[in-house]
Amino acid sequence: EPEVTQTPSHQVTQMGQEVILRCVPISNHLYFYWYRQILGQKVEFLVSFYNNEISEKSEIFDDQFSVERPDGSNFTLKIRSTKLEDSAMYFCASSADRGNTDTQYFGPGTRLTVL
Amino acid sequence: ILNVEQSPQSLHVQEGDSTNFTCSFPSSNFYALHWYRWETAKSPEALFVMTLNGDEKKKGRISATLNTKEGYSYLYIKGSQPEDSATYLCAFIGGSYIPTFGRGTSLIVHP
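Quick notes on the rules
- Residues numbered from 1 in each chain as written.
- Chains lettered and ligands numbered in written order.
- Predicted model: local features only at pLDDT ≥ 70, side-chain atom pairs only at ≥ 80, totals over all residues.
- Heavy atoms only, no water.
- Disulfide = S-S within 2.5 Å.
- Helix = DSSP H or I, 4+ residues; strand = E, 2+ residues; numbered from the N terminus.
- Buried < 20%, exposed > 50% of the residue type's maximum accessible area, 1.4 Å probe, protein only.
- Pairing = 2+ DSSP bridges.
- Axes fitted to C-alpha atoms, helices over the stretch in contact; angles between N-to-C directions.

Report on the state of the cysteines, specifying residues and quantitative values.
What is meant by a disulfide is a covalent connection between two cysteines, made through their sulfur atoms. Counting across every chain of the model gives two disulfides over all chains. The partner cysteine of Cys 23 of chain A in its disulfide is Cys 92 of chain A, sulfur to sulfur 1.9 Å. Across the S-S bond linking Cys 23 of chain A and Cys 92 of chain A, the dihedral sits near -60°, which makes this disulfide left-handed. Residue Cys 23 of chain A is found in strand S3 (residues 19–24), and its partner Cys 92 of chain A is found in strand S9 (residues 88–95); the two are separated by 69 residues along the sequence. Neither residue differs from the other here; Cys 23 of chain A and Cys 92 of chain A are each classed as buried. Bridging Cys 23 of chain B to Cys 90 of chain B, the disulfide has an S-S length of 2.0 Å. One quick way to see it: the torsion about the S-S bond of Cys 23 of chain B and Cys 90 of chain B is about 75°, and its sign makes the bridge right-handed. One end of the pair, Cys 23 of chain B, is in strand S3 (residues 19–24); the other, Cys 90 of chain B, is in strand S9 (residues 86–94), and 67 residues separate them in sequence. Looking at Cys 23 of chain B, the relative accessible area reads 0%, which means it is buried.

Set out below in structure tokens:
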């Protein structure tokens, strides 16, 4: 069964450094998402992406964050200058149709630790 | 800030018991409600996407109902098995099209 993959599984970085989290969505899916979960808190939506554009973004997704689909398979989340509070589990998801009313398939997550 | 609440926070049941939990969400500007099952060390797995008031969905022993007018959804598990042990998350989507998650209900099924 096709699945969403994410790399790396764990990333440790120093505060102020840039990180890129990578995702390979399911191949025929058109809608892509990033979520995060800070330890002990709720899962939070960051951004949705369709047709090479951001569709929706939350208040969390400020200028420090960006997303890109650099080729036909990868979908990346970049954090330009990491802060301690960016430490979280980051999940990528994809859906065939608009994910508000379609099933979203989640990847295994990347645990980001900012020191 | 949208208020999406799940209750109970955790639940311990015996194998074979039937159980249910609740997701409460704003009763206005409803667009969709998602239910996920999240096992430890795995990724969230979609269970149901519910869009219409009165929706009832079923997947094996798990079913869900939706009442958008009063702002709640119930998830039912019939004859719980140890493999049903997981956290069950709901996510409300309103007019902004941005999902807001609840904290989840942690279910532990004892053999």
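Tell me about the sheet that holds strand S1 (residues 5–7) of chain A, and name the residues and values.
Residues and elements named next belong to chain A. Ordered by their spatial adjacency, four strands build an open sheet running S1-S3-S8-S7, and the pairing between neighbours is antiparallel. Edge positions in the sheet fall to S1 and strand S7 (65–68), since each has one partner strand and no second. Strand-to-strand twist in this sheet, taken as the mean axis angle between neighbours without regard to direction, amounts to 20°. One ladder, built from four bridges, connects S7 with strand S8 (residues 75–79); its direction is antiparallel. Note that in S8 the partner of Phe 65 across the bridge is Ile 79.

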